[in-house]
Amino acid sequence: MSQTSADSFKKLTAHCKEYGFIYQSSEIYDGLSAVYDYGPYGVLLKNNIKEYWWKSMVQMHENIVGLDAAIFMHPSTWKASGHVDAFNDPLVDNKDSKRRYRADQLIEGVMEKLEEKADKEVEKAKKRFGETFDEKLYRETNPRVSEYLQKAADINARMNEALRNGDMAALTALINELEIADPDTGSRNWTDVRMFNLMFNTQLGNIAGEEGKLYLRPETAQGIFVNFLNVQKTTRQKLPFGIAQIGKAFRNEIVARQFIFRMREFEQMEMQFFIKPGTQQEWYDYWKQFRLKWHLALGTSPDKLRFHDHENLAHYADAAVDIQFEFPFGFRELEGIHSRTDFDLTEHQKLSGKKLQYFDPETNENYVPYVVETSIGCDRMFLAMMGNALVEEAVGDNTDGEGNSRDVLKLHPALSPLKFAVMPLKRNEPGLVEKAKGIFNLLKFHFPGQYDDTGSIGKLYRRQDAIGTPFCITVDFESLENDTVTIRERDSMAQQRVSISALEGMIRERVDMARLFK
Ligand code: ATP
């Protein structure tokens, strides 16, 4: 991460805490690593993200229904799904620093450095050649650039082969050969790489030993698969149809140092779309495009989002792509779209001995459907939206005694935690206070908002800007005479005098989620 990105990430995490979005879990006991609590504004934003996802997936699709399965599932579920045997990450310990890393991430770090070096050469050449510079040609023909990129590609190929074959010795050899140093201490004294299962487990109270071993679900998807027939029969859905679920998932991540990007307890929004075998390519393409549109509708710049095809397909998939978002530490997975074939249903069928088949009334056949999944981390989406929205901007002539810069959270108004704040021009004027509280009591039936008289108007505006409130409503003496107020819009800071009766419509116009679906 460059210094500027590191600074902006630090600022973002500090902002999340200072303004009541996210706190470290159990902070008074020095915290629990990679576990976080959502504060008063955080929970509102998170709920809005979930609502946007749920409405777009369930409410807007007649053939998608919801589910809320339990976190605990029969332990055989995880045997069938492959999580007991294959949900592993390659782990390596540094013997000197006693720090633990993911071997693949250490190796990826080397590749990223090589790519950065190639980019630097390109940047230098761009400056040297000016207007006439042909970047594509230069990348293909410059010997130094090709050398860096070729080296990165070779390392990538070796790493992927080792991961595919579960060859830990090859990963150990690669780490030593590339002379990778502990990023924190510089030591090169490594243990051998070994596999580490990411599932948390616990024990049922009334059954001792292995028999009573339970797992905290590492993904919500399996709750959907085991309920496939229940849902299909009770809702009389015909293929293709989907089941959507939002819920907690737990992973004992080895390295979890990127705030809410990688947590040990997190929330997923997953949808499994059951289809006729043979139509998976068509539906995979459909969901790729649909999900990208969902992100773009929030006003996120297309430059910040990209598709990234998986090179190493998971054991259950015949195609997989990530929607990556440009976080301060680079492009990383935000969402996954996976063509999961009939793997999960078939495995559950084998292990449970129960048929999980669909009777197709058109062909009079029974078969196990194929599945295309969309899976997005709610917390990662939260981080993406906060990072994208937080800007520090100069306010020039618009100053209001609060300095000439402001931190403003330019969230899409449909996601903003609060939609409005009402403030009296003077807090010690009973008439103004009463009027302002009256407006709050009117609007609270329609939108989450706040009455605030704890500071000067300038200060209160800044505070609402920092939590992303799209509208501030100020009540002054004129309001008492003619029932009008000033309404200030967050991004433009433009103020307008409007009648109180127009407020609800004006706010709705901007914050209504329905606009995102049209
Ligand atoms: P990664 O490669 O980053 O570990 P993954 O490929 O294991 O992610 P999936 O199993 O596809 O992730 O999970 C679907 C989504 O769940 C991811 O796209 C991500 O948004 C979210 N997610 C996965 N692991 C975590 C985590 N530890 N913390 C927060 N969100 C997560």
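Residues numbered from 1 in each chain as written. Predicted model: local features only at pLDDT ≥ 70, side-chain atom pairs only at ≥ 80, totals over all residues. Heavy atoms only, no water.

1. Description of the sheet that holds strand β11 (residues 305-309)
Sheets are built from strands that pair by backbone hydrogen bonding, the pairs being arranged parallel or antiparallel. In space, the seven strands of this open sheet follow the order β3-β9-β10-β16-β13-β12-β11, with mixed pairing throughout. Edge positions in the open sheet fall to β3 (64-67) and β11, since each of these has one partner strand only. Mean inter-strand twist for the sheet, computed between neighbouring axes without regard to direction, equals 25 degrees. Examined bridge by bridge, strand β9 (residues 241-250) and strand β10 (residues 265-275) share 10 bridges and lie antiparallel to one another. Pairing of G242 across the sheet is with F273, part of β10. (Pairing = 2+ DSSP bridges. Helix = DSSP H or I, 4+ residues; strand = E, 2+ residues; numbered from the N terminus. Axes fitted to C-alpha atoms, helices over the stretch in contact; angles between N-to-C directions.)

2. Brief notes about the nonpolar core
Formed by 64 residues in total, the largest nonpolar core has its most connected members in F21, I22, W53, I260, W287, F382 and L383. In terms of residues, this core owes the most to one element, helix α13 (residues 378-389), which gives eight residues. Ignoring anything within four residues of it in the chain, the contact list for I22 reads C16, K17, Y36, D37, Y38, G39, F259, I260 and F382. One finds M111, F133, Y138 and V145 within the second-largest nonpolar core, a separate group that totals 25 residues. (Core = buried A, V, L, I, M, F, W, Y, C linked by side-chain atoms within 4.5 Å. Buried < 20%, exposed > 50% of the residue type's maximum accessible area, 1.4 Å probe, protein only. Contact = heavy atoms within 4.5 Å.)

3. A few points about the side chain of E373
Note on placement: E373 falls in strand β16 (residues 370-377). By relative accessible area, which is 2% here, E373 ends up buried. In this structure E373 touches A221, E270, M271, Q272, G336, I337, H338 and R340, once residues within four positions along its chain are discounted.

4. Here we look at the layout of surface pockets
Empty space among the atoms can be located by rolling a probe the size of a water molecule over them. Considered as a void within the structure, the second largest pocket measures approximately 270 Å³ in volume. If you trace the second largest pocket, you find 15 residues lining it, with S8, P328, G387, N388 and L390 closest to the centre. Elements with a contribution of two residues or more to the lining of the second largest pocket: α1 (3-18), β12 (319-327), α13 and β17 (390-394). The element that contributes the greatest number of residues to the lining of the second largest pocket is α13, accounting for four residues. Here the lining of the second largest pocket is built from residues that sort into eight nonpolar, three polar and four charged. (1 Å grid on protein atoms, 1.4 Å probe; cavity = no way out; pocket = protein on both sides within 12 Å on 5 of 7 lines; lining within 4 Å. Points joined across faces, edges and corners; volume = space filled by probe spheres on them. Nonpolar A, V, L, I, M, F, W, Y, C, P; charged D, E, K, R; others polar.)

5. Some words on a positive patch on the surface
Together, K113, K117, K120 and K151 make up a positively charged patch on the protein surface. Its place among the elements puts K151 in helix α7 (residues 143-165). On the accessibility criterion, K151 (46% relative accessible area) is partly exposed. (Patch = residues over 30% accessible without salt bridge, like charges linked within 9 Å, V, L, I, M, F, W, Y side chains within 5 Å. Areas by Shrake-Rupley, 256 points an atom, 1.4 Å probe, with all protein chains shown as cover. Salt bridge = Lys/Arg side-chain N within 4 Å of Asp/Glu carboxyl O. Lys, Arg positive; Asp, Glu negative; His and termini not counted. Charge placed at Lys NZ, Arg CZ, Asp CG, Glu CD.)

6. Looking at the packing of helix α5 (residues 103-129) against helix α8 (residues 168-177)
Close contact between α5 and α8 brings their axes to 10 Å; oriented N to C, the two are set at 40 degrees. Between α5 and α8 lies a crossing of left-handed hand. Residues A103, L106 and I107 of α5 touch α8, and the partners they reach there are L171, L174 and I175. Across the contact of α5 with α8, the residue classes break down as six nonpolar, no polar and no charged. (Left-handed = near helix turned anticlockwise from the far one by under 90°.)

7. Quick notes on unusual backbone geometry
That bond from L239 to P240 is cis: its omega, -5 degrees, falls within 30 degrees of zero. With respect to the helices and strands, the residue P240 is situated in the loop between α10 (228-235) and β9. Look at S26: it is not a glycine, yet its phi comes out positive at around 50 degrees. Relative to the helices and strands, S26 is located in the loop between β1 (22-24) and β2 (36-38). Owing to a relative accessible area of 36%, S26 belongs among the partly exposed residues under this scheme. In the Ramachandran plot, D30 falls in the positive-phi region, its phi being about 70 degrees despite a non-glycine side chain.

8. Here we look at the site of the ligand
Contacts to the ligand come from 15 residues, most closely from E253, R262, M263, E333 and L334. Between R251 and the ligand, the recorded distance is 2.9 Å, taken from a side-chain N or O atom to an oxygen atom. The contact in question runs from an oxygen atom of the ligand to an N or O atom on the backbone of L334, over 2.9 Å. Expressed as a share of its isolated accessible area of 600 Å², the protein-covered part of the ligand is 86%. Listing elements by their share of the shell around the ligand, those giving two or more residues are β10, β13 (330-341) and β16. Take the shell around the ligand: its biggest share by element is five residues, from β13. (Near = heavy atom within 4 Å. Polar contact = N/O pair within 3.5 Å; in protein donor to acceptor, adjacent residues only side chain to side chain.)

9. Some remarks on the packing of aromatic side chains
Throughout the structure, instances matching the rule amount to 27 aromatic pairs. Between the aromatic rings of Y52 and W294, the centroid separation amounts to 4.5 Å while the plane-to-plane angle is 10 degrees, which identifies the pairing as stacked. Here Y52 is found in helix α2 (residues 40-59), whereas its partner W294 is found in helix α11 (residues 280-296), with 242 residues between them in sequence. The pair Y52 / W294 is uniform in exposure class, with both members buried. Consider the rings of W53 and W54, whose centres lie 6.4 Å apart with planes at 55 degrees: the pair is tilted. Overall, W53 belongs to the buried group, its relative accessible area being 0%. The lysine or arginine in question, R488, covers the ring of Y461, its NZ or CZ lying 4.3 Å from the ring centre. (Phe/Tyr/Trp six-rings, centres within 6.5 Å; stacked < 30°, edge-to-face > 60°. Lys NZ or Arg CZ within 6 Å of the ring centre and 35° of its normal.)

None of this, on its own, says anything about what the molecule does.
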